[in-house]
Amino acid sequence: MNQENTRILKGDICYSIDKNTLITVEDGYLVCENGTSSGVFPRLPEMYAGLPVEDYSGKLITPGLTDLHMHAPQYAFRGFKMDLELLDWLNSSAFPEEARYEDPDYARDAYSIFVQDLKKSVNTRACLFATLHLPATRILMDLLEESGMETFVGKVNMDRNCPDYLRETDGDASADATIAWLEETAGAYSHVRPILTPRFIPACSDRLMERLADIQRAWHLPLQSHLSENPEEIAWVQELAPQSRFYGDAYDRFGLFGGEVPTIMAHCVHCPPEEVELMKERGVYIAHCPQSNANLTSGAAPVRRFLDQDMRVGLGSDIAGGTVLSIFRAMAEAIQTSKLRARLTGDGLKPITMEEAFFMGTKGGGSFFGKVGSFEEGYEADAIVLDESRIPHPQKLTVKERLERFLYLSGDDWVLHKYVKGRRLF
Ligand code: GUN
Ligand code: FE
């Protein structure tokens, strides 16, 4: 038995079984053996009597949350130029800031702040875009590894339609840099994994996409990118890839749209029915980023449609399209966005529920990492103990009511203790 990742957490425990089923156990026991949950029990079974108990009676305990889409280098400029739409925002804000990461000293300063904040947050897992720079990406991976969180990190590929100061010279140069990055980092980390990261179709030449498909086959890597976020962007993709039937088809022509390979597409706000159909067929993960979609006037994704078709959906902060790390907040925003969408479009799609939002931020997104995001037996034991003391209340509340208000009221770092695969980070 490994002492470091074997323990029992006692407290008021919440977790999802499926998108409609939230389990709450008041004053229960989460048993974690060798990093894996053995289940949640209202009374401690005799067989576990010898394990060390950490007593958080009266405190909420939930699975750690998963941020399925964010840009680490954009953390330093969250909240800037938020009156712009995507393409103008990229040109005036994201690209100039990301260019700074050519300087490893700047990267170290900026990424240290970011990783420190991410470590304190309610999230235990994240899929991150870095920049195209190798040394800076390595620095980010080193810092994340030290933090103990479980992450996927992508060196970004971008070789066209970007400013000279933030563009790789051509598809081969970008692909070769990716191979160098993979070789340089292979075997170096236990908690950080590489993920292929073509920025989006407008920034990636056909040659680059062909080479990435080769790299994917050779290295068996998952992939993350952006899809159908903004109307201008979608029209541009149609111009750049006139033979594609829809945006997702422009990835699919290169074999880079799910299937064998775990794939995340962020946003999916304006997907035509054929695109949704293909995502479903290929098991593509949708990273729903409601705050970013509001900030950049992108729109409101039809999440109800995705959930009702049992598609794979998780939540993303899309830092710095979004400004908030907490995936609890993304849950509340996903609900709010779906309500506005329902009222304004009148298209008959019902708002999503609290249970569904909690599922997306835990088990939904967590499944990209495997058996993650629940406390059911066999799940990797990521857990957070929450600090409710900052929102005192005079009345008696159920565990579910306390959880719901945490979605709406909590700050980014209202966490007392955090565990990843049973290991305590703090
Ligand atoms: N599409 C391509 N790059 C980006 C980015 O950095 N942020 C967002 N929100 N969308 C993108
Ligand atoms: Fe993004």
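Criteria and cut-off values
- Residues numbered from 1 in each chain as written.
- Chains lettered and ligands numbered in written order.
- Predicted model: local features only at pLDDT ≥ 70, side-chain atom pairs only at ≥ 80, totals over all residues.
- Heavy atoms only, no water.
- Near = heavy atom within 4 Å.
- Polar contact = N/O pair within 3.5 Å; in protein donor to acceptor, adjacent residues only side chain to side chain.
- Areas by Shrake-Rupley, 256 points an atom, 1.4 Å probe, with all protein chains shown as cover.
- 1 Å grid on protein atoms, 1.4 Å probe; cavity = no way out; pocket = protein on both sides within 12 Å on 5 of 7 lines; lining within 4 Å.
- Sits in = over half its atoms within 2 Å of the grid points.
- Helix = DSSP H or I, 4+ residues; strand = E, 2+ residues; numbered from the N terminus.
- Pairing = 2+ DSSP bridges.
- Axes fitted to C-alpha atoms, helices over the stretch in contact; angles between N-to-C directions.
- Contact = heavy atoms within 4.5 Å.
- Phe/Tyr/Trp six-rings, centres within 6.5 Å; stacked < 30°, edge-to-face > 60°.
- Buried < 20%, exposed > 50% of the residue type's maximum accessible area, 1.4 Å probe, protein only.
- Points joined across faces, edges and corners; volume = space filled by probe spheres on them.

Caption draft 1: Spatial organisation of the site of ligand 1. Lining the immediate surroundings of ligand 1 are H71, Q74, L86, W89, L90, R199, F200, H226, E229, H267 and D318. Here E229 contributes a side-chain N or O atom positioned 2.8 Å from a nitrogen atom of ligand 1. One nitrogen or oxygen atom from the side chain of D318 is found 2.7 Å from a nitrogen atom belonging to ligand 1. Protein contact buries 100% of the 280 Å² of open area that ligand 1 shows by itself. Cavity membership is defined here by more than half of the atoms lying within 2 Å of grid points; on that basis ligand 1 lies in the largest cavity. Per-element accounting of the shell around ligand 1 gives the leading share, 3 residues, to helix 1 (residues 86-99).

Caption draft 2: Inspection of the sheet that holds strand 9 (residues 192-194) at higher detail. Spatial ordering of the open sheet is given by 5-6-7-9, a layout of 4 strands whose pairing is parallel. A single partner strand is all that each edge strand has here, and the edge strands are strand 5 (65-71) and strand 9. Strand-to-strand twist across the sheet, computed as the mean angle between neighbouring axes with direction ignored, equals 20°. Pairing geometry for strand 6 (residues 123-129) and strand 7 (residues 150-154), over 5 bridges, is parallel. Bridge pairing in strand 7 links C127 to F152. The strands that helix 3 (residues 134-147) touches are strand 6, strand 7 and strand 9; relative to strand 7, the one it contacts most, it runs at about 180°. The sheet contacts of helix 11 (residues 327-345) involve strand 5 and strand 6, and relative to strand 5 the element is tilted by about 85°.

Caption draft 3: Spotlight on the side chain of N123. Its location among the elements puts N123 in strand 6. If we skip the residues at most four places from it in the chain, N123 touches L65, D67, L118, M149, L325, S326, I327 and K418.

Caption draft 4: Layout of the environment of W89. Within the fold, W89 resides in helix 1. Sequence separation of W89 and G321 is 232 residues, and the distance between their C-alpha atoms is 8.9 Å. Residues within four places of W89 in sequence aside, it is in contact with Q74, F77, F80, K81, M82, L84, A94, L296, A320 and G321.

Caption draft 5: Spatial organisation of the packing of aromatic side chains. As enumerated under the stated definition, the model contains 14 aromatic pairs in all. Judged by centre distance (5.8 Å) and plane angle (55°), the rings of Y15 and F375 are tilted. Linking Y15 in strand 1 (residues 7-18) with F375 in the loop between helix 12 (354-366) and strand 15 (383-386), this pair joins segments that are 360 residues apart in sequence. On the basis of relative accessible area, F375 is assigned to the buried category, the value being 0%.

Caption draft 6: Seen up close, empty space enclosed by the protein. Tallied over the full model, the rule gives 5 cavities of 30 Å³ or more. Considering only enclosed or pocket space, the largest cavity measures out at about 100 Å³ in volume. Contributing to the lining of the largest cavity are H71, Q74, L86, W89, L90, R199, F200, H226, E229, E233, H267 and D318. Per-element accounting of the lining of the largest cavity gives the leading share, 3 residues, to helix 1. Within this model, the second largest cavity holds a volume of roughly 60 Å³. Surrounding the second largest cavity, A301, P302, V303, R304, S338, R341, A342, L349, K350, P351 and I352 form its lining. At the level of elements, helix 10 (303-308) and helix 11 are the ones that each hand at least two residues to the lining of the second largest cavity.

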